[in-house]
Amino acid sequence: MSVENKKIIALVSDDFEDLELWYPVLRLREAGAVVHLVSENKDTVYHGKYGVPVTSDYSFEEIIKEEYDGILVPGGWSPDKLRRFPKVIEFVQYFDQQKKPIGQICHAGWVLISAGILNGVNVTSTPGIKDDMTNAGAIWHDTPAITDGHIVSSRRPPDLPDYMKQYIASFE
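Quick caveat, the model's predicted, so the values are computed rather than measured.

Participant: Any chance you could break down empty space enclosed by the protein for me, citing the residues and the numbers?
Facilitator: Here the structure, examined in full by the defined rule, presents 1 cavity of 30 Å³ or more. A volume near 40 Å³ is recorded for the largest cavity. With 3 residues, the top contributor of residues to the lining of the largest cavity is helix H1 (residues 18-30). Partitioning the lining of the largest cavity into residue classes produces 7 nonpolar, no polar and 1 charged.

Put into C-alpha cells, the structure is as follows:
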C-alpha cells in the first residue's frame, strides 16, 4: 500500500521520545506522505528527551482536521502534555469517528485514553501504562505492534519497524 500524497499530522511537544517521533516522520516522508509537525505554537523549536530538536510547521489552531488522512502521537513524556489540549483531543476523536489511521507508541496511549476511544480496542504500549490502558477499557497485549481497525499501537523504539509496517498498511 502506498501512503504517497497522504497528509498526516505528527503531534509535537517537549520531551517527545526522539526516535518515536523522527523514525515515523522520516519513514512516512520517504514513502511519499506529507507529514506536518503540529504543536501548540507554529515555528517553535521543541526538544526530545535526548535533545533532538524539531520545529513545528503549524499550531493546533491552524489545522483543518478534515484535510488530513491520519495522525501520529509519539511517546516519551510529551503525551502527558499533549492530552491537556482540547484541540488534540478533538483531533484524535475526529480521526477515530472517521476511522482514519491513528498511530500511538509507548506513552502515547495516554492521549487516546484522554480522548475516550479505547473501550474494547486491542492495543499495546509501554508496560508502564498497561494499567491505564486497561482501566480505560482497552484490551492490552504485550506485542511489538498491533492493529485494531484504524488504531495502530506499539510498545517502544525497538518495535518501530513493526509499528511503521502496520501503520502504513492501515491506509489500505
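Now, onward.
Participant: A description of the nonpolar core should follow, citing residues and the corresponding values.
Facilitator: If you look at the biggest cluster of nonpolar residues, it comprises 30 residues, and the most contacted ones within it are Leu11 and Leu112. Every element with two or more residues in this core is listed here: strand E1 (7-11), strand E6 (70-73), helix H3 (86-97) and helix H4 (109-115). Each residue touching Leu11, except ones within four places of it in the same chain, is listed here: Leu21, Val38, Phe60, Ile71, Leu72, Val73, Pro74, Leu82, Val88 and Phe91. Leu21, Ala33, Cys106 and Phe171 belong to the second largest nonpolar core, which has 24 residues in total.

Participant: With reference to specific residues and values, describe the sheet that holds strand E7 (residues 102-105).
Facilitator: Read from one edge to the other, the open sheet built from 7 strands follows the order E5-E2-E1-E6-E7-E11-E10, with strand pairing classed as mixed. Looking at strand neighbours, the two that pair on one side only are strand E5 (58-59) and strand E10 (145-148), the edges of this open sheet. Note that E1 and E6 share 3 bridges and pair parallel. Residue pairing in the sheet places Ala10 in a bridge with Leu72 of E6. Its contacts with the sheet put H1 on E1, strand E2 (34-39), E6 and E7, and the angle it makes with E2 is roughly 150°. Strands in contact with H3 are E1, E6, E7 and strand E11 (151-154); relative to E6, the strand with the most contacts, it is inclined by about 130°.

Participant: Can you tell me about the packing of H1 against helix H6 (residues 160-169), naming the residues and giving the values?
Facilitator: The geometry of a pair of packed helices is captured by two quantities: the angle between their axes and the separation between those axes. Remark: H1 packs on H6, axes separated minimally by 11 Å, with the N-to-C direction vectors making an angle of 45°. By the angle between their directions, the pair H1 and H6 is classed as oblique. Crossing geometry of H1 relative to H6 is assigned as right-handed. Mapping the contact onto sequence places Leu19, Glu20, Tyr23, Pro24, Arg27 and Leu28 in H1 and Leu160, Pro161, Tyr163, Met164, Tyr167 and Ile168 in H6. Taken together, the residues that form the contact of H1 with H6 break down as 10 nonpolar, no polar and 2 charged.

Participant: Let's hear about the pairing of E2: which residues, and what values?
Facilitator: Of all 6 residues that make up E2, 5 are buried, and the element is covered over most of its length. The parallel pair E1 and E2, bridged by H1, forms a crossover whose chirality is right-handed. Alignment of E2 against E5, held across 2 bridges, turns out to be parallel. Opposite Ser39, over in E5, you have Ser59 as the bridge partner.

Participant: Kindly report on the side chain of His150, identifying the contributing residues and their values.
Facilitator: Inspection of the secondary structure puts His150 in the loop between E10 and E11. Side-chain polar atoms of His150 contact the side chain of Asp96, separated by 2.8 Å. Discounting residues that sit within four places of it in the chain, His150 has contacts with Phe95, Asp96, Lys99, Lys100, Pro101 and Ile102.

Participant: Can you break down the UniProt feature "domain: DJ-1/PfpI" (unreviewed entry) in the protein residue by residue, with the values?
Facilitator: In this numbering, the UniProt entry assigns the feature "domain: DJ-1/PfpI" (unreviewed entry) to residues 6-169. Summarising residues 6-169: 32% helix, 24% strand, and an end-to-end C-alpha distance of 13 Å.

The rules behind each value
- Residues numbered from 1 in each chain as written.
- Predicted model: local features only at pLDDT ≥ 70, side-chain atom pairs only at ≥ 80, totals over all residues.
- Heavy atoms only, no water.
- 1 Å grid on protein atoms, 1.4 Å probe; cavity = no way out; pocket = protein on both sides within 12 Å on 5 of 7 lines; lining within 4 Å.
- Points joined across faces, edges and corners; volume = space filled by probe spheres on them.
- Helix = DSSP H or I, 4+ residues; strand = E, 2+ residues; numbered from the N terminus.
- Nonpolar A, V, L, I, M, F, W, Y, C, P; charged D, E, K, R; others polar.
- Core = buried A, V, L, I, M, F, W, Y, C linked by side-chain atoms within 4.5 Å.
- Buried < 20%, exposed > 50% of the residue type's maximum accessible area, 1.4 Å probe, protein only.
- Contact = heavy atoms within 4.5 Å.
- Pairing = 2+ DSSP bridges.
- Axes fitted to C-alpha atoms, helices over the stretch in contact; angles between N-to-C directions.
- Parallel < 35°, antiparallel > 145°, perpendicular 65-115°, else oblique.
- Left-handed = near helix turned anticlockwise from the far one by under 90°.
- Right-handed = clockwise from strand over helix to strand, strands pointing away.
- Polar contact = N/O pair within 3.5 Å; in protein donor to acceptor, adjacent residues only side chain to side chain.
- UniProt positions renumbered as here; feature names shortened; annotations may be inferred.

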